[in-house]
Amino acid sequence: MSTARARPRAPQVSELAVRSALASGARPARASAASAVLAFGWRGILKIKHVPEQLIDVTLTPVLFVLMFTYLFGGAITGSTGEYLQFILPGVLVMSVLFTTVYSGVALNTDVTKGVVDRFRTLPIWRPSPLIGAVVGDSVRYIVAATIITVLGVALGYRPGAGVWGVVAAAGLVIVFAFGLSWVFTTLGMLLRAPNAVMNAGFMALFPITFLSNVFVEPKTLPDGLKAFVDVNPISHLVTATRALMNGTVAGLELGVALGTTGLLTAVFAPLTTYLYRRK
Amino acid sequence: MRVDTTLAIEASGLEKAFGETRAVCGVDLAVRRGQVYGMLGPNGAGKTTTIRMLATLLRPDGGEARVLGHDVVRDADAVRSAISLTGQLASVDEELTGEENLILIGRLLGFRHKQAKRRAAELLEAFELTEAAGRLVKSYSGGMRRRLDIAASIIVTPELMFLDEPTTGLDPRSRNQVWDIVRALAAGGTTILLCTQYLDEADQLAEGIAVIDHGRVIAEGTPAQLKASVGSGALHIRLLDPDQRPEAERIVARSLAGDVHLEADPAALSAPCADAEQAAEVVGALSRAGIAVANFSLGQPTLDEVFLALTGHPAEEEGAEPAEAETGEVA
């Protein structure tokens, strides 16, 4: 039987080559938790490099919002487009970074459905490192999203009262919050059956929760029931704190609420994701 | 369980259920170090579930298993340090290049970036993937993907390697390449547990085989022993003149015990046949009767025939969602 094996021109995998590749080198010392996390972070960044379209997806929507709201509704809402841009830009910054958090869940779900998680789970590495590494890699996405919105805003005439450092501090706050929120979507990524389902469910939740906040309008203009929701929505507090940082004013309470929410989301959903990941 | 140092895998009474589906109900296995051992069975028989328990991906509901002397539940990390798994779904990242995939796994195994890169280059070369190294795995053929997958599994030579249906869906040439790689790994001293649906694959590669059905080991032995238990398969005869088939059928029926099967081809017929000697007798008898034989062959028993012989029922996929029952997770 083996003599009749047809072997046309195609590249051959020679047994000798495989055996010599096997023989080379000794086993290195086990990877530390930090280096495993870094390796997974590196993987996340490579994915952005290979598929930059995923960034366009999530940043284009907020760009459209800035342009549309500023020029279409700005005059009607505050009397001048310039003044309205000054109002909405920090909020749109929050929105655009938070939208990208859904991709953490989509990426994790893709790993699970495609089978690559099986390999990671049979490696002798610190168990949560694939999850934490992915979230760390996502920070690149957040920085890109934040930069695009800020640059666009400045080009259109937005002027941060607190200057560059105010913007950096605000972006830092938003990114920290995004880390917390991304755990919600990684949990969703472990629970749902397909990457698309994660994407749809994620945006279905994010759209109302970001719109029903003080991103686009002052809550005092809203009907009572809606106003009550907007007032307790943590996104509103995050937006207020971000605005304050960018404008050089202080919003201590809101800053506290935003950071507290981040801590709460991480404390609940990071262990939940890890638990689901181990049990898969 | 008594620890036997000559065994790479030692499992007794392994059980796993997914809801109502009892995927594995009491599997015992003993695989010697350095052996290539085959698990043979149809889809949904419990092969993948068994492998996943042995590779620490699933926690058994019952029974115990030691891999290279380490308990798969209590000492999972020690098991993971000595094994690698090439799963049914190629466990590589489609959104990275082939090279990046290998560097990633190398780094996770403890290499520094530079060392990992060098090791990746060696393996890409050995597996004839150097040209495709910079392309995204998404664009790879099934055979290339499988080779990359196996390369990722041997960045550090494992003591034990799990191969879950490594050639399912591959063309014959890629299948032969994978077989050559498996032989090279075995020659290098790696113990291999191979799951397959194909008897000829187990026959080509494995020294010992366990036949699995309904989550149980129903037969065990060397390929020769298993085949002997079924007989050597069927004698296929094609005549020059289709008109002579009725007469040929009578002669074959007289010489061989089983039922003669008339094929769709009006010149062809087949019958179960124990060995080559019997086959020669039948062909001789036909020739003496003046019936010209265009060609004949003695086929190996198929998995279906082995199953029929061992279980009394044909090998068939079980349950409404066999793939899901097997892996227990993939949507």
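Here, every reference points to the structure presented above.
Residues numbered from 1 in each chain as written. Chains lettered and ligands numbered in written order. Predicted model: local features only at pLDDT ≥ 70, side-chain atom pairs only at ≥ 80, totals over all residues.

Colleague: Break down the overall build of chain B for me, citing the residues and quoting the values.
Modeller: For chain B, the helix and strand inventory stands at 12 helices and 14 strands. With the C-alpha coordinates of chain B rotated into their principal frame, the extents come out at 75 × 50 × 40 Å. Split into buried and exposed, the 331 residues of chain B put 49% on the buried side. Residue pairs at least 24 apart in sequence account for 68% of intrachain contacts in chain B once pairs closer than 6 positions are excluded. (Helix = DSSP H or I, 4+ residues; strand = E, 2+ residues; numbered from the N terminus. Buried ≥ 20, exposed ≤ 12 C-beta atoms within 10 Å, placed from the backbone. Contact = placed C-beta atoms within 7 Å.)

Colleague: Go over the sheet that holds strand E3 (residues 36-40) of chain B with me, naming the residues and quoting the values.
Modeller: All names here are of chain B. Across the sheet, which stays open at both edges, the six strands sit in the order E6-E7-E8-E3-E9-E10 with mixed pairing between neighbours. Looking at strand neighbours, the two that pair on one side only are strand E6 (83-86) and strand E10 (216-221), the edges of this open sheet. On average, each strand axis in the sheet is inclined to that of its neighbour by 15 degrees, with strand direction left out of account. With five bridges connecting them, E3 and strand E8 (residues 191-196) associate as parallel partners. (Pairing = 2+ DSSP bridges. Axes fitted to C-alpha atoms, helices over the stretch in contact; angles between N-to-C directions.)

Colleague: Which residues make up the packing of helix H4 (residues 81-100) of chain A against helix H7 (residues 129-156) of chain A, and what are the values?
Modeller: Think of two packed helices as two axes; the pair is described by the angle between the axes and how far apart they sit. All names here are of chain A. Running from N to C, H4 and H7 point in directions that differ by 160 degrees, and their axes come no closer than 8 Å. Relative to H7, the element H4 is oriented roughly antiparallel. Considering how the two elements wind past one another, H4 and H7 form a crossing that is right-handed. Residues Leu-85, Leu-89, Val-92, Leu-93, Ser-96, Val-97 and Thr-100 of H4 form the contact with H7, whose participating residues are Arg-141, Tyr-142, Ala-145, Ala-146, Ile-149, Thr-150, Gly-153 and Leu-156. Residues belonging to the contact of H4 with H7 are distributed by class as follows: 10 nonpolar, four polar and one charged. (Parallel < 35°, antiparallel > 145°, perpendicular 65-115°, else oblique. Left-handed = near helix turned anticlockwise from the far one by under 90°. Nonpolar A, V, L, I, M, F, W, Y, C, P; charged D, E, K, R; others polar.)

Colleague: Please set out helix H10 (residues 276-288) of chain B residue by residue, giving values where relevant.
Modeller: Every α-helical turn comprises 3.6 residues, leaving residues that sit three or four positions apart pointing alike. All names here are of chain B. In a regular helix each residue adds 1.5 Å, so 13 residues correspond to 18 Å; H10 covers 18 Å between its end C-alpha atoms and thus fits that length. Residues of H10 that are buried: Ala-279, Val-282 and Leu-286. Seen end-on, H10 carries its buried residues on one side only, within an arc spanning 60 degrees. Exposed residues pointing more than 90 degrees away from the buried face of H10 are listed as Glu-277, Gly-284, Ser-287 and Arg-288. Taken together, the buried residues of H10 touch strand E11 (234-239), helix H9 (245-255) and strand E14 (293-298). Positive phi appears at Gly-290, one or two residues downstream of H10, with a value of about 80 degrees. (Expected span 1.5 Å × (residues − 1). Arc of directions from axis to C-beta.)

Colleague: Residue-level account of the sheet that holds E11(B), with values.
Modeller: Residue and element names in this part refer to chain B. Strand order in the open sheet formed by four strands is E12-E13-E11-E14, and the pairing between neighbours is antiparallel. Across the chains shown, the open sheet's two edge strands, defined by having one partner strand only, are strand E12 (261-262) and E14. Relative to E14, E11 runs antiparallel, the two sharing five bridges. Paired with Arg-238 across the bridge in E14 is Asn-295. H10 rests against E11 and E14 of the sheet, and its axis sits at about 165 degrees to E14.

Colleague: Pulling in residues and values, what's your account of the environment of A:Thr240?
Modeller: All names here are of chain A. Mapped onto the secondary structure, Thr-240 falls in helix H11 (residues 234-247). Given 21 C-beta atoms within 10 Å, Thr-240 falls into the buried group. Considering only alpha carbons, one finds Thr-240 and Glu-254, 14 residues apart in sequence, at a separation of 6.5 Å. In contact with Thr-240, other than residues within four places in its own chain, are Asn-214, Ala-251 and Glu-254.

Colleague: Give a description of unusual backbone geometry that names residues and reports values.
Modeller: All names here are of chain B. In this structure, Leu-68 is a non-glycine residue whose phi angle is positive, near 55 degrees. Looking at where Leu-68 falls in the secondary structure, it is placed in the loop between strand E4 (62-67) and strand E5 (70-71). A tally of 20 C-beta atoms within 10 Å means that Leu-68 is categorised as buried. Even without a glycine there, the phi angle at Glu-165 is positive, about 45 degrees. Within the fold, Glu-165 resides in the loop between strand E7 (160-164) and helix H6 (172-187). Its 22 C-beta neighbours within 10 Å are what place Glu-165 among the buried residues.

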